[in-house]
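The chain contents come next:
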Amino acid sequence: MSGEQHVEREVYFGILPVLRGERQFGLLDFILIQVGFGIAAWSFLVGGYTGFVLPALPATAAILFGNALPLLLLCPLAILFVRYGVETFIGARSSLGPVGSNIFLVIFAILNLGWITMACFMLGESAIRVVGAFGGPESLQSREIGAPIFAILAFAVAWWIAHGGPLAIKFFIRVGVPAMFLIICGLILYIFIAQGVDKVLAAQPSQAYDSMRRSLASAIEWNVGLGFSWLPYFGQWNRLAHSEKSGVWGTYLGWGVVLNVAAILGALTALLVGSYEPTEWMVQAGGPLFGLFGLVLLILANLTSASVLVYSQGISIKTVFPRWSWTLACLTAVPAALLMLTPTVYDSYVTFLGYVSFIMASFGGVMVADLMFVKKWRISIRDLYDNSGGIYRYVNGVNWAAYVAVVIGGIFYFWTYDPVADRAGPLFEYITAGIPTFFISGILYMALARVPALTGNTEAVGATS
Amino acid sequence: MRRHLTPEIQKELDQRIEAIEKGHLPDPMHIREWWLPLAITGLIILFLYLVAAGQ
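Note that the coordinates shown come from a computational prediction; the quantities given were computed from them, not determined experimentally.

So, about the overall build of chain A. When you go through chain A residue by residue, the secondary structure sums to 25 helices and 2 strands. On C-alpha atoms alone, chain A measures out to a radius of gyration of 22 Å, which is about the 23 Å that the 2.2 N^0.38 rule sets for 465 residues. Excluding contacts between residues fewer than 6 apart, the proportion of contacts in chain A whose partners are at least 24 apart in sequence is 85%.

Looking at the element boundaries, B:Arg32 is found in the loop between helix H1 (7-21) and helix H2 (35-54). As for B:Arg32 and B:Gln10, which are separated by 22 residues in sequence, their C-alpha atoms are 38 Å apart.

Quick look at the nonpolar core now. Residue and element names in this part refer to chain A. Core analysis: the biggest nonpolar cluster contains 182 residues, and Ile116, Ala119 and Cys120 have the highest contact counts within it. By residue number, the principal contributor to this core is helix H16 (residues 278-320), which donates 19 residues. In this structure Ala119 touches Ala40, Ala41, Asn302, Ser305, Ala306 and Leu309, once residues within four positions along its chain are discounted.

Below, the discussion takes up the interface of chain B and chain A. Facing 31 residues of chain B, the contacting portion of chain A comprises 37 residues. Elements with a minimum of two residues in the side of chain B that touches chain A: H1 and H2 of chain B. In terms of residue count, H2(B) provides more of the side of chain B that touches chain A than any other element does, 10 residues in total. In the side of chain B that touches chain A, the residues fall into 20 nonpolar, 4 polar and 7 charged.

All names here are of chain A. Relative to the elements of secondary structure, Phe25 occurs in the loop between helix H1 (3-15) and helix H2 (27-38). Separated by 222 residues in the primary sequence, Phe25 and Gly247 have C-alpha atoms spaced 8.6 Å apart. Ignoring anything within four residues of it in the chain, the contact list for Phe25 reads Phe30, Ile33, Leu240, Ala241, His242 and Ser246.

About the cut-offs
Residues numbered from 1 in each chain as written. Chains lettered and ligands numbered in written order. Predicted model: local features only at pLDDT ≥ 70, side-chain atom pairs only at ≥ 80, totals over all residues. Helix = DSSP H or I, 4+ residues; strand = E, 2+ residues; numbered from the N terminus. Rg over C-alpha atoms; globule rule 2.2 N^0.38 Å. Contact = placed C-beta atoms within 7 Å. Core = buried A, V, L, I, M, F, W, Y, C linked by C-beta atoms within 7 Å. Buried ≥ 20, exposed ≤ 12 C-beta atoms within 10 Å, placed from the backbone. Nonpolar A, V, L, I, M, F, W, Y, C, P; charged D, E, K, R; others polar.

Function cannot be read off these values alone, since they describe shape.
Quick look at the structure:
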């Protein structure tokens with residue numbers, strides 16, 4: 001069977017609801033796959049930034065809270081995807097409408113470009129340090145020339161791997177997961193054996209804000225961004241869970257709790273060496289030999305992460321637009337290469353997390369409120385697949401009540417915290433921004449869902465179970 | 001979406017939808033089984049509170 005045929009089979013598997021007897025994941029499988037998929041550049045980076053502004057204990061608390069709470073809030077959606085065996089963008093039709101769900105897919109694809117850029121540029125950063133270790137040309141050691149060249153080359157390789165079909169996932173499991181596992185073991189050895197717990201606990205952050213409260217609020221906000229970012233990936237894994245409990249517990253424990261190990265280790269290492277950049281602290285912490293080995297592992301891990309991201313994007317797009325060719329679906333990831341031309345996007349990681357936080361918190365709030373309080377857990381699987389949208393048609397395929405709530409949630413977010421200028425509003429230090437945005441969007445949606453002009457007055461509320 | 005599928009896949013889809021409508025669903029989650037995520041989150045909030053109060 002060719003790569004294209006493998007992809008077609010996966011797409012049909014992605015479109016069709018998975019039946020009870022076909023589910024592959026128990027609780028342990030589920031946690032392992034979530035952690036394997038989730039631990040990558042973004043975990044180390046967010047941990048590094050957290051350790052840059054907070055001492056060890058507050059950094060650990062901010063990471064745990066910032067990731068666990070968003071996952072707990074999103075977990076009711078896991079039940080939707082487990083129960084009906086559907087993919088995220090098919091399940092989202094019930095709350096956003098068929099066209100509204102496609103708009104959400106486009107937003108996901110745009111944000112995915114940012115995640116691909118993070119993985120590839122970190123690979124570029126690792127590569128220039130390896131070139132430097134071997135005394136390579138000056139230009140290839142620079143962040144402005146060398147890192148973009150290596151990042152774009154890596155992206156081309158990742159794209160080619162992903163385009164090859166499900167091979168990407170096998171590559172990821174066989175290479176990326178062991179590479180990440182070795183990096184984590186190396187960090188544990190460095191932090192707890194080479195440096196000692198006392199030194200870690202006494203270390204002070206190198207770039208803390210003026211007040212402790214502001215540092216804590218910012219660090220929580222960055223981690224909340226990472227926590228909410230898993231929303232579009234909920235369906236693809238949960239539809240394969242044996243039971244609703246496996247899905248909810250696995251999602252919460254995998255992405256909300258266990259995944260934090262990488263971020264916490266990143267934060268502690270950043271505290272010890274005074275840098276948030278993993279490629280920098282890897283050499284400082286490991287010395288020339290182990291540091292170089294660590295960089296090579298980081299290159300492998302980020303290459304596989306980028307492949308999986310391109311593959312996930314291609315599959316999601318093919319699931320919604322089955323007539324698109326696999327090449328075209330994968331080509332939607334190509335604009336990421338433009339974001340790698342300079343270090344600007346990579347250096348703006350916390351700003352990017354701010355955008356992810358407001359978008360995914362708003363959508364998450366609306367989707368959870370719709371499932372729990374508007375639909376009251378009653379979803380019509382037949383109408384999810386209806387050509388015209390069935391009872392989920394809303395107004396021309398869009399649930400405007402959901403989108404108005406998302407926009408107002410976004411306005412609240414930017415009033416509370418402007419991630420571009422890193423400007424905090426009057427409430428930010430007390431309530432942060434992403435978590436209240438989730439609640440405001442959700443509550444607002446519940447009120448707006450009663451306005452027929454916005455919802456089209458469909459029978460969506462009374463769907464069959 | 002359905003219109004983009006081949007007749008065989010559409011038939012397969014209908015069979016699956018029918019099976020799900022007849023209750024061929026995975027084991028449901030009882031409300032009591034939320035205790036673990038709630039307990040862990042509660043402990044994390046307590047930890048954050050103690051750390052913040054101690055600073």
